[in-house]
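# Observations on the three-dimensional arrangement
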Amino acid sequence: MWAAVCRGRASWMWALLLQLLLAGPGGCLRRQDLFPYGPVHGDLELEPGDDRVSPALKLSTALRLFDKSDIHSVYVTTNGLIATSEPPAEEAHPGLFPPNFGAVAPFLADLDTSGGRGKVYYREDASPSVTQLAAEHVQRGFPEVSFQPTSVVVVTWESVAPYQGPSEDPAPEGKRNTFQAVLASSDSSSYAIFLYPEDGLQFTTTFSKKKNSQVPAMVAFSQELLGSLWSSNRVYNIFANDRESIGNLARSSNSGQQGVWMFEIGSPDTANGGLSSDVNLRLDDGGEEYDDEDYDPVTSLGPEDVATTPFPYETPERGDTDTHNLRRVLSPRRLATDRPAGPATERTRSFQLLAERFRQQHPQVIDVDEVEETEVVFSYNTDSRPTCANSRHQCSVHAECRDFATGFCCACVTGYMGNGRQCVAKGSPQRVNGKVKGRIFVGSSPAPVVFENTDLHSYVVTNDGRSYTAISTIPEAVGYSLLPLAPIGGIIGWMFAVEQDGFRNGFSITGGEFTRQAEVTFVGHPGKLVIKQRFSGIDEHGHLTIDTELEGRVPEIAVGSSVHIEPYTELYHYSHNVITSSSAREYTVTEPAQDGAAPANVYTYQWRQTITFQECSHDSARPAPPSTQQLSVDSVFVLYNQEERILRYALSNSIGPVREGSPDALQNPCYIGTHGCDTNAACRPGPGNQFTCECSIGFRGDGRTCYDIDECSEQPSACGSHAVCNNHPGTFRCECVQGYRFSEEGTCVAIVDQRPINHCTTGLHDCDIPQRAQCIYTGGSSYTCSCLPGFSGDGRACQDVDECQPSRCHPDAFCYNTPGSFSCQCKPGYQGDGFRCVPGEVEKTRCQLEREHILETAGVTGPQHPLPLGLFVPECDEYGNYVPTQCHGSTGYCWCVDRDGRELEGTRTRMRPPCLSTVAPPIHQRPLVPPTVIPLPPGTHLLFAQTGKIERLPLEGSTMRKTDAKTLLHAPDKVIIGLAFDCVDKMVYWTDISEPSIGRASLLGGEPTTIIRQDLGSPEGIALDHLGRNLFWTDSRLDRIEVAKLDGTQRRVLFETDLVNPRGIVTDSVRGNLYWTDWNRDNPKIETSYMDGTNRRVLVHEDLGLPNGLTFDAYSSQLCWVDAGTSRAECLQPGQSSRRRVLEGLQYPFSVTSFGKNLYYTDWKTNSVIAVDLAVSKETDAFHPHKQARLYGITTALPQCPQGHNYCAVNNGGCTHLCLATPGGRTCRCPDNTLGVDCIEHK
């Protein structure tokens, strides 16, 4: 009964519930299951690009949408939308919904097919195979309907990309979406079929040109605009517009097959407002209870009812999740065009499943009583209709529950008022508690006043409708300027206003559960103030709860001023689940007395607000509130207490009919909101019904159309020095550049950070290098410098102490001075540690013994004696170890040897091969430098290895700041070869061939750790996939390439054949490619494969010598390498055959990295880091470390990761163990040497 969910996890328990509810086929929709598409099937192809619109597609059978039945052509757009009339140019990109044209949108988002990033196909098809396929889909979703289409419109968006936005935007690069919309029509009805295949939706948000940010896509329908914007009775349906709902389209269904969604969009049923019964699955965040709401959720625009909302009450935008709580829909839907005048009694309940809708499948209805994070508890109930018996707990204890044909409703008992869910005793005082936060610009100030977590408390005497509200603590900079805004607390007065007979206050209608958004426009002053409030009902203490947010600009009122507001009236207009009001109000500001006179001025602001809530729709007999009520407010008192920083409002309120003689009784358009002025204009009421529109300050126009003034262009110096001017609608804002802040005078001044800084931790001190001195933190921002033992000086400049003068060694020993220390070696004929020597010979090393044996056998008695022709004698270093590169003088060949002198296969050459010593140099007894990481300062750095340490070299642009180079990690017992940097966790990884091992350390400071030390030969090159969180390395001793997780677990061998001397290795994380070098003397090459090891192939094999270093630039997608055999640096684009010689004549390059316009490589001949400008193909700079020793690996430590994603970046790609990215996909692999019972391999 339970069907497998595609790539499911425990958290996708809802997908399992979906299968049980619909009892349909459980398989995922595959791409081959889509309707046939492409040029071979007669499709037209939409012109590639951004915001493209097709020519009219003429239809042989008219399409029906809502109550419109004569649509004979449609237009296809790039942006996941089918339009019934040609979209105007200004609506080509997604913005406000609904648009001014009829629309069917399976995935409304800003999509882009330019540059080969996907295609859009479309056609009308009347072939029997396609019409029959459409009929079968409709029959599955609507089994009671007999439907045979005569034509089908098939539109396919194949592998389309999101619009990227600006370069800094974190757009989902590399992700593509594939989906399909099918519109099937007969002579009497039309159906929409939306198909989302498995892996078809790889992104759910795109960059909005309007909002300048990422916003979710939308699935929606809209009716064409008829007549004027304000008089049209247009409807629209929003099915989904949040990330979770969009992401679940391919995993859910309302037709019984995952990824397939059915809608009846045009028929007599949708023309007269009829609705079919539906099944809805509501998933509230946080695992809240799943039950049957007793309120009709129409105006919440939630897809649980696919809300059919008359315009213009709400105009949601893509990405607006504050006012639209979107939920999943699980049933085929019919779209409605009309709303009944009263409560929608004929409307069927959410969560109701009528058995006859799926009679042939005999499903059981499931009530989810409890949902936990780890399990789902189901109780089976034969009655799917919510009743008082199973939902009584949703009503207040002071309410009675009543059953109706379609559900139940709650009603407060006598003596109480409210909506039934929330009830309070009539006449009892009420308390309201909440929080206020704000970001308010005062006057012309460029800097906002910001306050968070400010308390709001209100006390209401309900018998006389008087409310007292206090907000604390409000900064003085904005406190007086908020005095005119009594409506902040006035909403509480409306809730408990004294009711005249037949009229209802706010709490009686909403029960204190609603959201309110108000907009205040100050006449003659630029900008607006937006007030958002959410009332959440009564808490456990019996108090109402409220959250308030203020944002915008208000006129400045001088400190010490008083504000007087005359009594006023306001009309409240009721419609189903929505209450609106608008008015103009005057207030008088009396400033502090000056020279015995207190100037007073009268000002005006316009007020508009929308209140949204949920009513119970099942009780058709319950009387609706009057369509228009008048709120009368008098005894208005406002005060700001400067000492306590408390803002106080007090008002008396009553609600009743529109009174004769009141300004509202005139029904002036300015008062009732039918004026048609631009949203950026003020409506000025005149005599009778006359009015004028006047653009607000900061706008120009005739009042009905207002255009923003770009003050930044017209007044370039408006913000002054060290500031950037940003234009905003109706105003502009100044922002100080980095390193500056606003002063009290409003100018930008330099920031002086007074916080104490530990310069020893940040590394921003002037002590000598860590090998000679230490920085000692002394508190505050102070520190001292002290030379290490073995050095002398003031700590800022330390000189080596020659411990051999006088000698501290044994008399029978030689003393060797070294930087910061010394060493002792017993003289010939003595043995010991140099501090104690006794007669006797020191035990010779293997290299020394072999050398002596060969020379004695050949009869060579001294250094002056010539060597016999053809004789090979191994070379030992000063410590008696084999030199890693051995050469035969007679033949001219050189080769690499291991620590035991054995030749390494594939290294013999007439060139001098880049052999690595596996023996760490001896460690002197002192000074002891702790192996900890010194934290990396901000910015971009080069990290390079030099035998037993890793150094950092800061970059400024592409210039090496050589004087700021410092040691990052000192590990004298290691021979560090390869380096890789993790830009996510700020970690450096390395290979060590002395132990051998692989280690890592945080650049934020701390101890290094070894993550792999078993089953390694000679690990050299190392690379990292920062998106998939995997580590790759080459092993030239074992001749293989391996992969593991970043902690060293889950190791897997990718390649162990056709490798001789693999060394350099890099990743292209976004595209899922792997590249490596093999300096095999017989066949040097550069190879590539996918990260999962598939599609292995040779990329470069001609004209190579000793390809050591390899780097991939994620920004230019360019692969570059350095070759010690050809002495060249070269680059290529992996997808192209041509390669470019960047520079010739290099000395002996070993490793290379890239940043910006430069390559940086380490050189063995000069023991330096060299910069190469790729644009001019020349060496531009070189850095020589203080210690002249061989340099190895080099990498770039970036302050932030390159943009892009791969399939393993989220949730490990759904894999149980290793997720290995491939171009456009990923492969799940198991580690080596596992039993496999817990691991699943699949693509």
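Residues numbered from 1 in each chain as written. Predicted model: local features only at pLDDT ≥ 70, side-chain atom pairs only at ≥ 80, totals over all residues. Heavy atoms only, no water.

With that settled, the discussion passes to the confidence of the model for the protein chain. Averaged over all residues, the pLDDT of the protein chain equals 80, while 83% of them reach at least 70. Low confidence marks residues 227-232, where pLDDT is under 50. Its contacts with residues over four positions away, or in another chain, come to 8 contacts. (pLDDT = per-residue confidence, 0-100. Contact = heavy atoms within 4.5 Å.)

Pairing in this open sheet of 4 strands is antiparallel, and the strands run β60-β61-β62-β63 from one edge to the other. Pairing within the sheet leaves two strands with one partner each, and these edge strands are β60 (976-982) and β63 (1009-1012). Across the sheet, the mean angle from the axis of one strand to that of its neighbour is 30°, orientation sign disregarded. Direction of pairing for strand β61 (residues 987-992) relative to strand β62 (residues 997-1002): antiparallel, over a ladder of 6 bridges. Residue pairing for β62: W990 is matched across the bridge by G999. (Pairing = 2+ DSSP bridges. Helix = DSSP H or I, 4+ residues; strand = E, 2+ residues; numbered from the N terminus. Axes fitted to C-alpha atoms, helices over the stretch in contact; angles between N-to-C directions.)

Strand order in this open sheet of 6 strands is β2-β3-β4-β5-β13-β14, and the pairing throughout is antiparallel. With partners counted over all chains shown, the strands left at the sheet margins are β2 (57-65) and β14 (236-240), one partner each. Here the average twist between neighbouring strands, direction ignored, is 25°. Judged from the 3 bridges that link them, strand β3 (residues 68-77) and strand β4 (residues 81-83) form a sheet pairing that is antiparallel. Bridge pairing links V76 to I82 in β4.

A few words now on the pairing of strand β73 (residues 1118-1123). The buried fraction of β73 is high, at 6 of 6 residues. Going residue by residue along β73, you find Q1118, C1120 and V1122 tucked away on one face and L1119, W1121 and D1123 tucked away on the opposite face as well. Direction of pairing for strand β72 (residues 1107-1113) relative to β73: antiparallel, over a ladder of 6 bridges. Its bridge partner being in β73, F1112 is matched across the sheet by L1119. (Buried < 20%, exposed > 50% of the residue type's maximum accessible area, 1.4 Å probe, protein only.)

Of all 6 residues making up strand β78 (residues 1168-1173), 6 are buried, and the element is well covered by its neighbours. Examined bridge by bridge, strand β77 (residues 1158-1163) and β78 share 6 bridges and lie antiparallel to one another. Its bridge partner being in β78, Y1160 is matched across the sheet by A1171. Counting the residues that bridge the hairpin from β77 to β78 gives 4 residues, and of these N1167 lies at a positive phi of roughly 50°. As paired strands, β78 and strand β79 (residues 1178-1183) are joined by 5 bridges and run antiparallel to one another. Counterpart to I1170 in the pairing with β79 is A1182. Counting the residues between successive antiparallel strands, the hairpin from β78 to β79 contains 4 residues, one of them, S1177, with a positive phi of roughly 55°.

By definition, a disulfide links the sulfur atoms of two cysteine residues through a covalent bond. The tally for this structure, following the rule as stated, stands at 22 disulfides. Here C804 pairs with C815 through a disulfide, and the sulfurs are 1.9 Å apart. In this structure the cystine formed by C804 and C815 twists about its S-S bond by roughly -80°; its chirality is therefore left-handed. Of the two residues, C804 is situated in the loop between β49 (798-800) and β50 (813-818) and C815 in strand β50; the sequence distance between them amounts to 11 residues. Relative accessible area serves as the criterion here: at 11%, C804 is assigned to the buried category. Owing to a relative accessible area of 22%, C815 belongs among the partly exposed residues under this scheme. (Disulfide = S-S within 2.5 Å.)

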